[in-house]
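Summary of the model geometry
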Amino acid sequence: MIQTSKLKQEFIHRYGELEVEAYFSPGRVNLIGEHIDYNGGFVLPAAISLGISAVVKRREDGIVRIYAREFSEEISFSVNDFFLFQQKSTTHWSDYVKATLQVLKDNGVQLHGADILIGSDLPLGSGLSSSAALECLIAFIFNEDFYSQNRTPLALDAQTAERKYVGVNCGIMDQFAIANGKKDHAILLNCATLDYEYIPADFKDYQLLIINSNKSRSLAESKYNERRSECDAAFEILSKFDIAEDLCHVHEISLGYLEDDTLYQRAKHSILENKRVIYAVEALKNGSIEAFGQLLTESHISLDADYEVSGHELNMIVHYSTHFDGCIGARMTGAGFGGCCIALVEKDKTERFITYVSKKYSEKTSLKADFYVAEIEDGVRKL
Ligand code: GLA
């Protein structure tokens, strides 16, 4: 988290106000359960200490000015403006802001004006859900009284902003983790019902590391929507033979009804990944961290071979991570096609791990990876 005192100084310099409020919205990592939130599966994400901070001064006149430090750019508009959303090839950060405010307006929330300065230590567009963090942050700032007591509606509204106005057909996992995060706990979320349970994220002698491949995720949006359509197509066929209510709960034996290889692979990943989440939670609860780590690596192999959302860079990170003596599991996290991996590494070997993986990765890809120690934190909040 960026130091709030620093942001406050910048705010005073830019907007001249001293009496401000500060907010923080975290990024998230998903431990396991990838690409199955939109198929009724279980997922196991956690909010992290990297995120987006905001310093806010409420205004009485309905004008909103937001300065994004990372882009050295300010946007301004009136809460009464009519926002226009068009499908575009690239998304600007302000689209997430306006999309979220539009959902609040649709819900009948009376919006007020505000001057806001935002700063982030979350690597943007790297698969740690910077967009969901921004949506949840904006929703929380403008409707705090309601959302501080109603975290699941916050997640659902932020998801609606992304689906309806930004145009990405995302699942609920990211917004849910950011809204409901709890320090030192992962969230076991049943995406079919939105029931959830906090699971202590105690990795014993191991450290959870986040590794940013710095490979841009340019394909992620289009391929994401493509995977969703393939899963819908697979389920349409399978539901003629199987009583399951969603793809993740189809019986493995029914996979034989899928003649198309691609649909078979997508369905197989969905069904088995869902099972892996259940085994992984059991392992975590029993303190079997090595078994948990192994499931992470199995998840990656399935995402690469069957779901086909990995890529050379993420595979290189997982390859060299799992070849390091002291790393018990690694996988890509998030939508894939670039972005981040996670790895579980023996605490006293993390420095050597970073040196080794960093060197091998640069040799193979000419890119430089960034490493972060993952600290699991509370969800979006006022500071
Ligand atoms: C993105 C989406 C999530 C989820 C993951 C893949 O982060 O926003 O809903 O589908 O990809 O697990």
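Residues numbered from 1 in each chain as written. Predicted model: local features only at pLDDT ≥ 70, side-chain atom pairs only at ≥ 80, totals over all residues. Heavy atoms only, no water.

**Concerning the overall build of the protein chain**
A count of helices and strands for the protein chain gives 11 helices and 13 strands. By the compact-globule yardstick of 21 Å for 383 residues, the protein chain fits well, its C-alpha radius of gyration being 21 Å. Taken along the three principal axes of its C-alpha coordinates, the protein chain extends 60 × 50 × 40 Å. Counting over 383 residues, the protein chain shows a buried share of 58%. Taking as baseline every contact in the protein chain between residues at least 6 positions apart, the subset at least 24 positions apart corresponds to 72%. Here the protein chain displays about 16100 Å² of accessible surface, and carbon together with sulfur accounts for 47% of that area. (Helix = DSSP H or I, 4+ residues; strand = E, 2+ residues; numbered from the N terminus. Rg over C-alpha atoms; globule rule 2.2 N^0.38 Å. Buried < 20%, exposed > 50% of the residue type's maximum accessible area, 1.4 Å probe, protein only. Contact = heavy atoms within 4.5 Å. Areas by Shrake-Rupley, 256 points an atom, 1.4 Å probe, with all protein chains shown as cover.)

**Focus on the sheet that holds strand β8 (residues 196-200)**
Taking strand neighbours across the sheet as the criterion, the three strands line up as β2-β7-β8 in an open arrangement whose pairing is antiparallel. The sheet is open, and its two edges are formed by β2 (42-43) and β8, each paired on a single side. Judged from the two bridges that link them, β2 and strand β7 (residues 185-190) form a sheet pairing that is antiparallel. By the bridge assignment, Val43 is partnered in β7 with Leu189. Against the sheet, helix α6 (residues 173-180) contacts β2, β7 and β8, and its axis sits at roughly 135° relative to β7. (Pairing = 2+ DSSP bridges. Axes fitted to C-alpha atoms, helices over the stretch in contact; angles between N-to-C directions.)

**Some points on the domain arrangement of the protein chain**
Segmenting the protein chain into domains produces domain 1 (4-200) and domain 2 (206-373). For domain 1 versus domain 2, the distance between C-alpha centres works out to 25 Å. Taken together, the contacts link 36 residues of domain 1 with 41 residues of domain 2. Carbon and sulfur atoms supply 63% of the area buried between domain 1 and domain 2, which totals about 3000 Å² over both sides. Applying the counting rule to domain 1 against domain 2 returns two salt bridges. Between Arg331 and Glu34 there is a salt bridge; the shortest N-O distance is 2.6 Å. At the junction of domain 1 with domain 2, the criterion picks out 18 residue pairs in polar contact (both at pLDDT 80 or more). Listed by contribution, the elements that provide at least two residues to the side of domain 1 that touches domain 2 are β1 (21-30), β2, β3 (45-59) and β8. A per-class count over the side of domain 1 that touches domain 2 returns 18 nonpolar, 13 polar and five charged. (Domains from an automatic or database assignment. Buried area = accessible area lost by both parts, 1.4 Å probe. Salt bridge = Lys/Arg side-chain N within 4 Å of Asp/Glu carboxyl O. Polar contact = N/O pair within 3.5 Å; in protein donor to acceptor, adjacent residues only side chain to side chain. Nonpolar A, V, L, I, M, F, W, Y, C, P; charged D, E, K, R; others polar.)

**Some points on unusual backbone geometry**
Unusually for a residue other than glycine, Ser72 sits at a positive phi of about 45°. For Ser72, the position within the fold is in the loop between β4 (63-68) and β5 (73-78). Overall, Ser72 belongs to the exposed group, its relative accessible area being 56%. With phi around 55°, Lys204 is a residue other than glycine that occupies positive phi space. Mapped onto the fold, Lys204 is located in the loop between β8 and β9 (206-212). Exposure remark for Lys204: the relative accessible area of 42% places this residue in the partly exposed category.

**Brief notes about the environment of Asp61**
Among the secondary structure elements, Asp61 is positioned in the loop between β3 and β4. You can call Asp61 partly exposed: its relative accessible area is 44%. Separated by 30 residues in sequence, Asp61 and Leu31 place their C-alpha atoms 44 Å apart. A polar contact is formed between the side chain of Asp61 and the side chain of Arg59, at a distance of 2.7 Å. Looking at Asp61, its side chain comes within polar contact range of the main-chain nitrogen of Ile63, at 3.1 Å.

**Some thoughts on the site of the ligand**
Close to the ligand lie Arg28, Glu34, His35, Asp37, Tyr38, Cys170, Gly171, Met173, Asp174, Tyr224, Gly334 and Ala335. His35 has a polar backbone atom sitting 2.7 Å from an oxygen atom of the ligand. Between the ligand and the protein, one listed contact pairs an oxygen atom with a backbone N or O atom of Gly171 at 3.0 Å. For the ligand, whose accessible area on its own is 310 Å², the fraction buried by protein is 92%. The two domains that each donate at least three residues to the shell around the ligand are domain 1 (4-200) and domain 2 (206-373). (Near = heavy atom within 4 Å.)

**What to know about the side chain of Ser321**
Its place among the elements puts Ser321 in helix α10 (residues 312-323). Note on Ser321: relative accessible area 0%, which makes it buried. A polar contact is formed between the side chain of Ser321 and the backbone oxygen of Ile317, at a distance of 2.6 Å. For Ser321, the residues in contact, after removing those within four places along its chain, are Ile211, Cys327, Ala330, Ala343, Phe353 and Val357.

**Thoughts on the pairing of β3**
For β3, a buried count of 13 out of 15 residues is recorded, marking the element as mostly surrounded by other parts of the structure. Pairing between β1 and β3: nine bridges, direction antiparallel. Bridging from a neighbouring strand, Ala22 pairs with Val55 of β3. By the bridge criterion, eight bridges tie β3 to strand β6 (residues 113-120) in an arrangement that is antiparallel.

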